[in-house]
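# Chains, contacts and geometry: an overview
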Amino acid sequence: QVQLVESGGGLVQAGGSLRLSCAASGTIYSIGVMGWYRQAPGKQRELVATVTSGGVTNYLDSVEGRFTISRDNAKNTVYLQMNSLKPEDTCVYFCYALAKLYSLGISNDYWGQGTQVTVSS
């Protein structure tokens, strides 16, 4: 299976920055997409940013220009650089990977445990 381990969350003042990291490990043949989702209490989980193995990125409109997603394919690691943070960015952030365990297998969704990001006003 695939394990996703996140790091880098914490408490920051509005306008500050944080960098999230997520490393995938386990029996991995390939990872097509890696990314970050977030969820606030009582709300649905929403996509923040994704990046394909080829480097194509996609962002939530409200974070475009403030957040940057990047990926190290050799290390199966994805990063999220978050700048100009706002109180409304306060959420639990979840790492995501669409991974294949075998060359002839199908791709499945994998999730990290989540890391709390809190932005104070």
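A brief look at the structure comes next. (Residues numbered from 1 in each chain as written. Predicted model: local features only at pLDDT ≥ 70, side-chain atom pairs only at ≥ 80, totals over all residues. Heavy atoms only, no water.)

Looking now at the pairing of strand β7 (residues 67–72). Where burial is concerned, the two faces of β7 differ: the one with F67, I69 and R71 is buried and the one with T68, S70 and D72 is not. Alignment of β7 against strand β8 (residues 77–82), held across 6 bridges, turns out to be antiparallel. Its bridge partner lying in β8, F67 is registered against M82. (Buried < 20%, exposed > 50% of the residue type's maximum accessible area, 1.4 Å probe, protein only. Helix = DSSP H or I, 4+ residues; strand = E, 2+ residues; numbered from the N terminus. Pairing = 2+ DSSP bridges.)

Turning our attention to the layout of surface pockets. Each pocket or cavity is described by its volume, and for the largest pocket that value is around 150 Å³. Lining the largest pocket we find 13 residues, and of these R38, K43, E46, E88 and C91 sit closest to its centre. Residue composition of the lining of the largest pocket, grouped by class: 2 nonpolar, 4 polar and 7 charged. (1 Å grid on protein atoms, 1.4 Å probe; cavity = no way out; pocket = protein on both sides within 12 Å on 5 of 7 lines; lining within 4 Å. Points joined across faces, edges and corners; volume = space filled by probe spheres on them. Nonpolar A, V, L, I, M, F, W, Y, C, P; charged D, E, K, R; others polar.)

The full count for this structure, using the stated rule, is 3 aromatic pairs. Arranged with centres 5.6 Å apart and planes meeting at 65°, the rings of Y37 and Y96 form a pair that is edge-to-face. You can see Y37 sitting in strand β4 (residues 30–39) and its partner Y96 sitting in strand β9 (residues 91–100), a full 59 residues away along the chain. Considered together, Y37 and Y96 belong to a single accessibility category, that of buried residues. Both rings, one in Y96 and one in W111, keep their centres 5.0 Å apart while their planes meet at 55°; by these two values the pair is tilted. You can see Y96 sitting in strand β9 and its partner W111 sitting in strand β10 (residues 107–111), a full 15 residues away along the chain. Judged by relative accessible area, Y96 falls into the buried class, the value being 10%. Taken together, the ring pairs in this structure connect Y37, Y96 and W111 into an aromatic cluster. Sitting over the face of the ring of Y79, R19 holds its NZ or CZ atom 4.2 Å from the ring centroid. (Phe/Tyr/Trp six-rings, centres within 6.5 Å; stacked < 30°, edge-to-face > 60°. Lys NZ or Arg CZ within 6 Å of the ring centre and 35° of its normal.)

Mapped onto the elements of the fold, T77 is located in strand β8. In this structure the side chain of T77 is engaged in a polar contact, spanning 2.9 Å, whose partner is the backbone oxygen of K75. (Polar contact = N/O pair within 3.5 Å; in protein donor to acceptor, adjacent residues only side chain to side chain.)

For the rest of this paragraph, the subject is the state of the cysteines. According to the stated counting rule, one finds 1 disulfide in the structure shown. Between the sulfur atoms of C22 and its disulfide mate C95 the distance is 2.0 Å. Since a negative S-S torsion denotes a left-handed disulfide, the C22-C95 link at about -85° is left-handed. Here C22 is found in strand β3 (residues 18–26), whereas its partner C95 is found in strand β9, with 73 residues between them in sequence. Each member of the pair C22 and C95 is classed as buried. Lacking any disulfide linkage, C91 is separated from the closest cysteine sulfur, that of C95, by 16 Å. (Disulfide = S-S within 2.5 Å.)

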